[in-house]
Amino acid sequence: MTPVTYDPLDPAFLADPYPAFAWLREHDPVHHHPADHRAPAFWALSRFEHVWDAVRRPEVFSSAGGLTFFPDEIGQLGIPPTIVMLDPPRQTQLRALIGRGFTPKRVAVLEARIRSFVRSRLEELAARYADGATVDFHAEFSSTVPTYVLAELLGVPEADRERFAPWVLALTELQNDGFDSAALTGSHASTDALTAMAEMMEYFTAAIAARRAEPADDLLGALVEAEVADDDGSVQRLSDWDVLGFCFVVVAGGSDTTASLITHALALLEEAPDQRRLLLDDPSLLPGALVEFLRLESSVQGLARTTLRDVDVDGTTIPAGEKVMMLYAAANRDPREFGPTADRVDVRREIPRHLSFSSGPHFCIGSHLARLQARVALEELLEAHPWISLDAAAGRRHESPFVRGWVSVPVARL
Ligand code: HEM
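Nothing here was measured: the structure is a model prediction, and the numbers come from that model.

The rules behind these values
- The residue numbers shown here count from 1 along each chain, following its written sequence.
- Reporting of local features is limited, given that this is a predicted model, to residues whose pLDDT is at least 70; pairs of side-chain atoms are given and counted only at 80 or more, and all residues count toward the totals for whole chains, interfaces and linings.
- Side-chain numbers come from the whole structure's heavy atoms, not from hydrogens or water.
- Interaxial angle, 0 to 180 degrees, is taken between N-to-C directions of lines fitted to C-alpha atoms, where a helix line uses only the stretch in contact.
- Each helix corresponds to a stretch of at least 4 residues labelled H or I by DSSP, and each strand to a stretch of at least 2 residues labelled E; elements are numbered beginning at the N terminus.
- Roughly parallel means an angle under 35 degrees; roughly antiparallel, over 145; roughly perpendicular, 65 to 115; everything else is oblique.
- Working rule for handedness: look at the near helix, and if it is turned counterclockwise from the far one by less than a right angle, call the crossing left-handed; if clockwise, right-handed.
- When checking whether two residues touch, look at their non-hydrogen atoms; a contact exists if any pair is within 4.5 Å.
- Under the grouping applied here, Gly and all other residues not named as nonpolar or charged are polar, the nonpolar ones being Ala, Val, Leu, Ile, Met, Phe, Trp, Tyr, Cys and Pro and the charged ones Asp, Glu, Lys and Arg.
- Atoms of type N, O and S within 2.8 Å of a metal are treated as its donors, and for Na, K and Ca the window is 3.2 Å; water is not considered, so some sites may appear to be missing partners.
- In this scheme, a helix's expected span is set at 1.5 Å multiplied by one less than its residue total.
- Working definition: with a 1.4 Å probe on protein chains only, accessible area under 20% of the residue-type maximum means buried, over 50% means exposed, and in between means partly exposed.
- Both cavities and pockets are sets of points on a 1 Å grid over the protein atoms alone; in a cavity a 1.4 Å probe fits but cannot get out, in a pocket the set is open with protein on both sides within 12 Å along at least five of seven lines, and lining residues sit with an atom within 4 Å of a point.
- Grid points are joined across faces, edges and corners, and a volume is the space filled by probe spheres set on the points.

Chemist: How should I be thinking about the packing of helix α6 (residues 111–130) against helix α19 (residues 367–384) in this particular structure?
Modeler: Describing two packed helices takes the angle between their axes plus the distance from one axis to the other. In contact at an axis separation of 9 Å, α6 and α19 are set at 40° when each is read in the N-to-C sense. Here α19 runs oblique to α6, going by the angle between their axes. The chirality of how α6 crosses α19 is right-handed. Judged by residue contacts, Glu111, Ile114, Arg115, Val118, Arg119 and Leu122 of α6 engage Leu372, Gln373, Arg375, Val376, Ala377, Glu379, Glu380 and Leu381 from α19. Classifying every residue of the contact of α6 with α19 by side-chain character gives 7 nonpolar, 1 polar and 6 charged.

Written out as structure tokens, the structure is:
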């Protein structure tokens, strides 16, 4: 195998990271990445077994040091520290409280509304396409689905939705700048994005205060009232700051990830017409196929942990206090776990475990909701336009080593 350099900030790597991931897995599975003028030194794990094991040991691999290989990326934004950057036991406590409000039932009731939103969206886009307009599949379809769902979930009334959509985009923009420290200090994050964040903070602070003043039968209302008894018998509740942190983490973590899943699904099917045929003939394959799409094109490519003590991985000692990237996307294509066809799309593949939603204490809280909306969006799309085709070559991707997603992809044929 020809050596392939792993340079996570190189545009060529970001365009197609998979050859470098394959190289790391085979030849340098516990990779030490030296510091350079762009980022401090860090380690990277790429084999399934190693990543799986590490994310399930928060007592060694902590989330509290930040989720990227840049220093203190979130601290500078002034938003609440969210669950995803906490360790047990505080993280376990918060998760139990969030679980009281964010229940599978609350997610399931959204299905009918998501379906009617998707249908009307498709009708609108089909009409514009018929009029000769260029339709951006990602920006005008995929991205609108999670934005709608998050607004529904967080109880943003119709009248405020026009304000909500730019907040989602702003948070995505800040995140997808690659958590570059320059972006976070404002030197190249647009002022618009930072203003939008401040507005969102103010909006949800007021919404939470309103739920405290008057109980409401929505997610924020449920979170405000959630209670969990601790081992010592004391009752725990979420503070306003905790609920606000939850609003931020679901908007930051639940929008672009889901939108990318929808666009990637179609891009992958485009490359494998036989697989599309299978799905069209048997739509019951779709839930499994979505896991396969996420495995091959993991929206979250990798996030960091910080070692709390010296730890041995595969015979190499990683010292305490080091950043270690969990390369979910590399692990998800490991032939040791997925066999010799790991790089190929197979909508009928049996996938007993994968790392697209991580594993262990931080396993994605929104995985059901993500799969629900992607399933509904693709069911409706493939029903209405079974052979829709994208002009992926004219598409534009985010450039981030942490999330893999799109900015825009035009529809080539509807
Ligand atoms: C395809 C879509 C999605 C993907 C690929 C995804 C992926 C992930 C991953 C990999 C993590 C673990 C982070 C880590 O390793 O530190 C995570 C955590 C999380 N996700 Fe998702 N996510 C998706 C959608 C959603 C949605 C729709 C929501 C909520 C509405 C959501 C809410 C969360 C939250 C709250 C956490 C933090 C859990 C914790 O720290 O205990 N995600 N997600």
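Chemist: Please explain the coordination of the iron atom of the ligand as it appears in this structure.
Modeler: When a metal holds four donors in a tetrahedron, each ideal angle between them is 109.5 degrees; when it holds six in an octahedron, the ideal angles are 90 or 180 degrees. In this structure the iron atom of the ligand is ligated by exactly one protein donor, Cys364 (SG), at 2.3 Å. Here Cys364 lies in the loop between α18 (335–338) and α19.

Chemist: Mind showing me how you'd approach helix α11 (residues 191–213) here?
Modeler: Helical geometry: 3.6 residues make up each α-helical turn, so side chains three or four residues apart lie on a common side. For α11, built from 23 residues, the straight-helix expectation of 33 Å at 1.5 Å per residue is met to within 8% by its first-to-last C-alpha distance of 33 Å. Those residues of α11 that sit buried are Ala193, Ala196, Met197, Met200, Tyr203, Phe204, Ala207, Ile208 and Arg211. Tucked inside the fold, the buried residues of α11 contact α9 (161–176), α12 (219–225) and α13 (240–254).

Chemist: Explanation requested: the layout of surface pockets in the structure shown.
Modeler: Unoccupied space between atoms shows up once a probe the size of one water molecule is rolled over them. By volume, the largest pocket is sized at about 380 Å³. Listed by contribution, the elements that provide at least two residues to the lining of the largest pocket are α7 (137–142), α8 (144–153), α9, α14 (256–271) and β12 (406–408). It is α9 that contributes the most residues to the lining of the largest pocket, 6 residues altogether. Grouping the amino acids of the lining of the largest pocket by side-chain chemistry returns 8 nonpolar, 8 polar and 3 charged. Within this model, the second largest pocket holds a volume of roughly 250 Å³. Lining the second largest pocket are 15 residues, and of these Ala267, Leu268, Glu271, Glu297 and Arg397 sit closest to its centre. Of all the elements, α14 adds the most residues to the lining of the second largest pocket, at 4 residues.

Fair warning: the whole summary comes from geometry, so function is off the table for now.
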